Structures are given as structure tokens and as C-alpha cells.
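# An overview of the molecular structure
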Amino acid sequence: MNHNIMKSLQVIFTAGFFIFASACTENFEEINENPNVPATTDAEYLFNYVLKEGAGEYGIVTNYNYSYVQRWVMQTAAVWGNSTMPPYTLFDQYRIGLLWEHYYADLLLNIEVILNLTEGDPQEINNYNITRIWKAYNFHKVTDLWGSVPYTEAWNVLDGFSSAAIRPQYDTQEFIYQDMLDELKDATEKLDNSMPVFTRDAIYNGNLVYWEKFANSLRLRLAIRSGKQDIVNEIISEDNLISSNTENATFEYIEDQNWWNPYYELHIGSRNPSNPDLTGTSVIKISELMKLHLENTDDPRLEIYAQPIELDNTTYRGVPNLMDANRKENQALGMGVTSTSYIGEYYTRNPTWTKPLLTYAEVCFLRAEAALRGWTSENAQEWYEKGLRAGLEYYNIPEAEIEAVVTTGAPFNNTLEQIITQKWVALFLDGWETFAEYRRTGYPQLKKYDLELDGVRIISFDWVDVPRSYVPGRLPYPDNEIDLNHENYEEAVQNMGGDSYFQQLWWSEIFGDINY
């Protein structure tokens, strides 16, 4: 049996989502029901769970975000700068397998259970369609990591065992994107304000107007990424998108230890035993590239994104990515645990941090890009400036400082590079989305130090561009798929042209090397 399916069934059972109701029933027919369909499961309880897991990204998901993906796009860095690039060998098959299982066997499987429980019931129409929206939000991360993946046949096990259930076919990323775009449109059109909605909703508290705007904004993200100019025009013309920071899709962690902000938990678990007020070495550093960009544009978010170094509590100093793992470069530069900046206390000292999922700032930058490409009649500068303002306003930056950034710190220069770079800033700590945008556009231009050393003495120093080829285009498939779903795996690999870290995805190839 496919290991993913075995894991799926195990997750349903061990998480308490499989309810063997009335085990001592007198009716044999009830005992003999399909054990793979949790017919008595509470859909709202499951919805609360999948929101928590999909938005909160507890455990390995946040861990892989900051340990790998954020470093690949240089938002953050390891303490010594020697992150996993190149050649990315530390994001190994074990970790890839865990991430695949998390999405397929836990999060998305339970989303599929909710869909099965609510489909066709007029009283559940809103719950069914909100779950469809949430599925698209989570599944686009899966296809953006791997490319072609099981989609239409991925959870057939819920309908009983078959060849398709045990060995699901891979759908192309192009097909998956089009289907997600269709699903989002159809789901929003079928929301009904006269019908009930889940009350335990950690994203929008059951507000259907906001769920519709979230779905449309997600659809805009997917349409631009997949080059669907006609769909972009349709969405923009309808103008029913997230339109202020009050409408942002966010997830608020709570004081319960099981719901803590994972960055706070990382800080708590790594505090210096001799001085608990100090940050432990496993907590994340801000990248030197991010720090320099914020300084060069006089962006006040530097004091939020980073902590001053512990040596003087006033200086901000990032860690350059791609440092030599033998630490000679660190020694030459005088870098150490207390002489570089951790990410800000806003994230690490706050158990109830409100995490952005999809924001007004991102929507503005999407609209700016669409206008710059000539896909819409909107004004690119107007939407760029709105995006810049929204990102600063989110952190309650004073208006005078916002105006200074917009007019003198980062005035619009009519380039795609500037729009995407400012999106990279606004999406701080959202490694998944910035990784996708970097692969699609090649921005921001990543940088590394090029040092010539004599021991630990610097002979020459330069700040050089990092080639696009340094950064993975995707994750390889887990070994379980090669072993247990081999025929479909081989077909997918053939269609994609390979199965390596540096194989490019379908939407990466749509745009190619375009300069704006």
C-alpha cells in the first residue's frame, strides 16, 4: 500500500478525526460502513484544525520556512551565514518526505474530509465553499514546491481503495493552476449570506464578505503567476479585492502553548541559561541583504524586523548569506553571535503574534505589476505607492515616516525589480511566497560577499550578484513516490523534464528573462 495513504489513514485515526461511533451498536450495517469515511466527524471541529495547521504552520512547516526557504531568498540567515546553499543537500529526502506527508496526509486530507461532509447540503453551502477556498490557498503551496503533483486523484482513498487511490496520477501544474482559479471563482459565486457559516473561524470570524475578497485576491496572485492576462483583467475590473489592512487575511496565535507563535517558541526554547533575556544561537538572524535594503531606503521597519546587536544594543548588523562554512569569513568580518542582529522582538518575544497570510500590500503590488506589464489600464506608480504605504501602515509607522519612504527613500522607478523587491520586504518571514516570486521574476537580485583572505585577514572585498542558478527551482519528489507510485512518478518527471532541485516550474518558464 502507498505509504502516503497509510499515513493518511493513520492521521485520521490518531488525530481523533475518525470517530467510530457507538462501537457496541446492534446494527451490523453500521459496523460494516466504509471505515475510510469519517461520517460522524464534526466538520466545524475539523475546520478549526485545518485553519490552525494551514495558517499557523506549526512544527516542520515553520521550521523549514526559516531554516531553508527564507535563507534561499535572503530575508533571514543562519547565525554563521552558512545556510544550505549551494548545494542544498541539507533539505534532504527525510525532510522532503515529512513536508509532503504534512500536506497530503494531514492538512489537505482533512480539508477533503470537510468537503465530503458538507457537499450537497444547502445548510452547509458556505462552509463547503470556504473550505474550497482554504484548499486552494494551501494546495498552491504544494504545486509551487514540486510542480506536477497528485491532485484530482490525491484523496480517492476516502471513497474506498482502488488503483487510483493507491497510486494517484500526477496532474500538471498548468492544469492545477487553472482548476484552482476555476474553484476560487465558483466558490465565491456560491457564498450565500442567508445561510449559516462556521463560527470557529480563526481567519475572518465567519465574515463572508472578507472570505470573498480573500479568494479574489488569492485568485489574482495565481492569475499573475500563471500569466493569465484575461483573468487578471476580469478580477481587476470587478474590484472586489482586499482593499485595506483591516481586510487582511491574518492568523492570530494565542496564549495557549499549543497555539504559540512558533518564533516565540523558538526563542523560549533557546534562551541563554545564564541570562534568559538573551537570545539563543538557534534563533534566526536578519539577512545582511534585507538589512542593507531597509537602511538604503530609510525604511523604519528595520527596527521591527531586526534587533540591535547585543554588543551595544544600538547597532543593526545583518548576516551575509552564503558565508564559508568553515567560519574563516565570519572571523575575518568580525561576525559572531552577539555582533549581528536577530530578527525582531516583535516576532520572537510575542506568543500571540498576528501572522499575515495575504495582505492589502501584496494586492497593491500585484496590481502595480499588472499595470506595469500593460495588462490593465491602472497606474503602476499609484498601486506601487499604495503597496508601500500599506506595508508600512501595517506596522503603525507614523505618517511622516511613511511619506519620507514613498517620496525619497524608495520613489517609484518604473521597474518590475522595484515592485517585486518591495513585495519581498512586505512579505518578511513569508518564505514560501517570496521563494515563488523570486523563481518567477529573478527578483530581488540576491547578493553575497566575495572575499579574498590571507588566513582571517581580508585582502579584497566585493558585494557581488548571486546567479539565479544558485537557487533551487523546486523540491525533488520524496523517495516514497519513486518507490510506490513509480509509473505516475516517471510520467510526471518526463513531462517536467527532470526531478532535481534546479528543475524550473511551469510558471517560471512562462516569463523567462524579462526586464522591465
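Our structure's up above, just so we're on the same page.
Residues numbered from 1 in each chain as written. Predicted model: local features only at pLDDT ≥ 70, side-chain atom pairs only at ≥ 80, totals over all residues. Heavy atoms only, no water.

### Considering the pattern of salt bridges
Selection criterion: In the sections that follow, a salt bridge refers to a side-chain nitrogen of Lys or Arg positioned within 4 Å of a carboxyl oxygen of Asp or Glu. A run of DSSP states H or I qualifies as a helix once it reaches four residues; a run of E qualifies as a strand once it reaches two. Both are numbered from the N-terminal end. For every residue, the accessible area (1.4 Å probe, protein chains only) is compared with the maximum for its type, and the residue is labelled buried under 20%, exposed over 50%, or partly exposed between those bounds.
Evaluated as defined, the whole model comprises 33 salt bridges. Between Arg-225 and Glu-437 there is a salt bridge; the shortest N-O distance is 3.1 Å. Of this pair, Arg-225 sits in helix α9 (residues 208-225) while Glu-437 sits in helix α20 (residues 431-441), placing them 212 residues apart in sequence. Residue classification places Arg-225 among the buried residues on the basis of a relative accessible area of 0%. Residue classification places Glu-437 among the buried residues on the basis of a relative accessible area of 4%. Here the salt bridges share partners, and the residues they tie into one network are Asp-144, Arg-221, Arg-225, Glu-362, Glu-369, Arg-373, Lys-423, Glu-433, Glu-437 and Arg-440.

### A word on helix α12 (residues 288-296)
The following threshold applies: N or O atoms closer than or at 3.5 Å make up a polar contact, with two conditions inside protein: a donor-capable atom paired with an acceptor-capable one, and, for residues adjacent in sequence, both atoms drawn from side chains.
For α12, the set of buried residues is Glu-288, Leu-289, Met-290, Lys-291, His-293 and Leu-294. In this structure Ser-287 caps α12, since a side-chain oxygen of it lies 3.1 Å from the backbone nitrogen of Leu-289. Immediately downstream of α12, the backbone of Asp-298 shows phi near 50°, a positive value.

### A word on the side chain of Lys-285
Defined as follows: His is not counted, nor are the chain ends, whereas Lys and Arg count as positive and Asp and Glu as negative. Every residue pair with non-hydrogen atoms within 4.5 Å of one another is taken to be in contact.
Mapping Lys-285 onto the fold places it in strand β5 (residues 285-286). One buried charged side chain, Lys-285, makes no salt bridge at all; its nearest oppositely charged neighbour is Glu-310, positioned 6.4 Å away. In this structure the side chain of Lys-285 is engaged in a polar contact, spanning 2.8 Å, whose partner is the backbone oxygen of Thr-340. The residues contacting Lys-285, other than those within four sequence positions of it, are Thr-76, Ala-77, Ala-78, Val-79, Val-319, Gly-336, Val-337, Thr-340, Ser-341, Tyr-342 and Ile-343.

### Here we look at the packing of aromatic side chains
Short version of the rule: Stacked, tilted and edge-to-face are the three classes assigned to paired rings of Phe, Tyr and Trp, where Trp is represented by its six-membered ring and a pair needs centres within 6.5 Å; plane angles under 30 degrees give stacked, over 60 edge-to-face, the rest tilted.
Here the structure, examined in full by the defined rule, presents 43 aromatic pairs. Measuring from ring centre to ring centre gives 6.5 Å for Phe-47 and Trp-211, while their planes differ by 50°; the resulting arrangement is tilted. Of this pair, Phe-47 sits in helix α3 (residues 43-56) while Trp-211 sits in helix α9, and the two are 164 residues apart along the sequence. Just as Phe-47 is buried, Trp-211 falls in that class too.

### A word on the packing of helix α6 (residues 125-146) against helix α8 (residues 173-189)
Helix-helix packing: each pair is described by the crossing angle between the helix axes and the interaxial distance. The test is simple: Every axis corresponds to a line fitted to the C-alpha atoms, with the helix fit spanning only the stretch in contact, and the corresponding angles, defined between N-to-C directions, vary from 0 to 180 degrees. When an angle is under 35 degrees it counts as roughly parallel; over 145 it counts as roughly antiparallel; between 65 and 115 it counts as roughly perpendicular; any other value is oblique. Whether a crossing is left-handed or right-handed is set by the direction in which the near helix is turned from the far one by less than a right angle, anticlockwise for left-handed and clockwise for right-handed.
Running from amino to carboxyl end, α6 crosses α8 at an angle of 160°, the nearest separation of the two axes being 9 Å. One finds that α6 runs roughly antiparallel with respect to α8. In this structure, α6 meets α8 at a crossing whose hand is left-handed. Residues Asn-129, Arg-132, Ile-133, Ala-136, Phe-139, His-140, Thr-143 and Asp-144 of α6 form the contact with α8, whose own contacting residues are Gln-173, Ile-176, Tyr-177, Met-180, Glu-183, Leu-184, Asp-186, Ala-187 and Thr-188.

### Quick notes on the pairing of strand β7 (residues 447-454)
The cut-off we apply is this: For two strands to be treated as a pair, DSSP must find at least two bridges joining them.
Of the pairings in the sheet, the one linking β7 to strand β8 (residues 457-465) comprises eight bridges and is antiparallel in character. Following the sheet pairing, Tyr-449 is matched in β8 by Trp-463. The loop that links β7 with its antiparallel partner β8 comprises two residues; one of these, Gly-455, has a positive phi angle of about 70°.

### Here we look at helix α4 (residues 60-72)
Basically, it comes down to this: Expected span of a helix, by definition, is 1.5 Å for each gap between consecutive residues, and there is one gap fewer than residues. Two axes define the bend at a residue: one fitted to the seven residues ending there, one fitted to the seven starting there, and the bend is the angle between them.
Between its first and last C-alpha atoms α4 spans 17 Å; for 13 residues at 1.5 Å apiece the expected length is 18 Å, and the two agree. Bending of α4 peaks at approximately 40° at the position of Tyr-66. Among all positions in α4, only Val-61, Thr-62, Tyr-64, Asn-65, Tyr-66, Ser-67, Tyr-68, Val-69, Gln-70, Arg-71 and Trp-72 are buried. Looking at the buried residues of α4, the elements they touch are α3, β1 (76-77), α5 (93-118), α11 (262-269) and α20.

### Observations regarding unusual backbone geometry
Pro-444 follows Tyr-443 through a cis peptide bond whose omega is 0°. Relative to the helices and strands, Pro-444 is located in the loop between α20 and β7. Its identity is not glycine, yet Leu-322 carries a phi of approximately 65°, on the positive side. Along the chain, Leu-322 turns up in the loop between α13 (302-305) and α14 (328-333). On the basis of relative accessible area, Leu-322 is assigned to the buried category, the value being 9%. Here Leu-429, not a glycine, exhibits a phi torsion of approximately 80°, which is positive. Its location among the elements puts Leu-429 in the loop between α19 (416-426) and α20.

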